[in-house]
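Okay, here's what each chain looks like letter by letter:
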Amino acid sequence: MHFKSLTIIIFVLLSLGGYFGNLADAATVTVAKGTAIDTIAKGMALLTPGGTLIVNSGTYAEIIGNIPSGLSDSARTKVQANGAVVCNGIDVYSRNYITVTGFTFNGYTNRIGRSSESNAPSTYITFENCIAQN
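Calculation criteria
- Residues numbered from 1 in each chain as written.
- Predicted model: local features only at pLDDT ≥ 70, side-chain atom pairs only at ≥ 80, totals over all residues.
- Heavy atoms only, no water.
- Helix = DSSP H or I, 4+ residues; strand = E, 2+ residues; numbered from the N terminus.
- Buried < 20%, exposed > 50% of the residue type's maximum accessible area, 1.4 Å probe, protein only.
- Contact = heavy atoms within 4.5 Å.
- Areas by Shrake-Rupley, 256 points an atom, 1.4 Å probe, with all protein chains shown as cover.
- Core = buried A, V, L, I, M, F, W, Y, C linked by side-chain atoms within 4.5 Å.
- Phe/Tyr/Trp six-rings, centres within 6.5 Å; stacked < 30°, edge-to-face > 60°.
- Pairing = 2+ DSSP bridges.
- Right-handed = clockwise from strand over helix to strand, strands pointing away.

Trainee: Summarise the overall build of the protein; cite the residues concerned and give the values.
Mentor: For the protein, the helix and strand inventory stands at 2 helices and 7 strands. Secondary structure of the protein in N-to-C order comes out as α-β-α-β-β-β-β-β-β. Looking at the 134 residues of the protein, the share that counts as buried comes to 31%. Once local pairs closer than 6 in sequence are excluded, the contacts in the protein between residues at least 24 apart make up 56%. Put simply, the protein shows about 7900 Å² of open surface, and 58% of that area lies on carbon and sulfur atoms.

Trainee: Quick rundown of the nonpolar core? Include the residues and the values.
Mentor: Grouped burial of nonpolar side chains is what soluble globular proteins tend to show. In terms of nonpolar packing, the biggest core is built from 20 residues, with Leu-53, Ile-64 and Phe-103 touching the most fellow members. Contributing elements (two or more residues each) for this core: β1 (28–31), α2 (40–46), β2 (52–64), β3 (77–93) and β4 (96–106). With 6 residues, the top contributor of residues to this core is β3. Excluding its chain neighbours within four sequence positions, the residues that come into contact with Phe-103 are Val-55, Ile-64, Val-79, Gln-80, Ala-81, Val-85, Cys-87, Asn-129, Cys-130 and Ile-131.

Trainee: Break down the packing of aromatic side chains for me, with residues and values.
Mentor: Inspection of the entire model under this criterion finds 3 aromatic pairs. Consider the rings of Tyr-97 and Tyr-124, whose centres lie 4.8 Å apart with planes at 0°: the pair is stacked. Residue Tyr-97 is found in strand β4, and its partner Tyr-124 is found in strand β6 (residues 123–128); the two are separated by 27 residues along the sequence. Between the aromatic rings of Phe-105 and Phe-127, the centroid separation amounts to 6.5 Å while the plane-to-plane angle is 85°, which identifies the pairing as edge-to-face. Note that Phe-105 is positioned in strand β4 and Phe-127 in strand β6, a separation of 22 residues in sequence. For Phe-105, a relative accessible area of 3% translates into the label buried. Following the ring pairs from residue to residue traces out a cluster consisting of Phe-103, Phe-105 and Phe-127.

Trainee: For the environment of Ala-81, give the residues involved together with the corresponding values.
Mentor: Structurally, Ala-81 can be placed in strand β3. Considered as a pair, Ala-81 and Asn-56 are 25 residues apart in the sequence and their alpha carbons are 6.1 Å apart.

Trainee: Quick one: what's the story with the pairing of β1, residue by residue and with numbers?
Mentor: Of the two faces of β1, only one is covered, namely that formed by Val-29 and Val-31; the face formed by Thr-28 and Thr-30 stays uncovered. Strand direction decides the pairing type here: β1 and β2, joined by 4 bridges, are parallel. Note that in β2 the partner of Thr-30 across the bridge is Ile-54. You can see the chain leave β1, run along α2 and come back into β2, and the turn it takes is right-handed.

Read these as spatial facts, not as claims about activity.
Here you go:
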């Protein structure tokens, strides 16, 4: 009797693990100079939908791009500056449910929307405390 109950409990837990597995994938990735993840592009390659990318202080000679869409308004993908972060620009197109916080975009490319008429527009993109200059 106990063995059967234990088997059922294990089965239910394994089933729920698969159901909630996508929530665990929404991890935080940190970009910092002098580490293995020392560019925004490297961090972005590891970011999952609904996850958070934290970029530590510094100047990054790159454009923020390829941000994975969030899953919903309550499960947004977040890209956050931790301190003074300057990069060349941001390119957000055909993406949804993204929040970008605290960056200075210094010239080059700042493109939000769609890359062409054939691509879907971006929706639910939020910028907080960002500066676009030059």
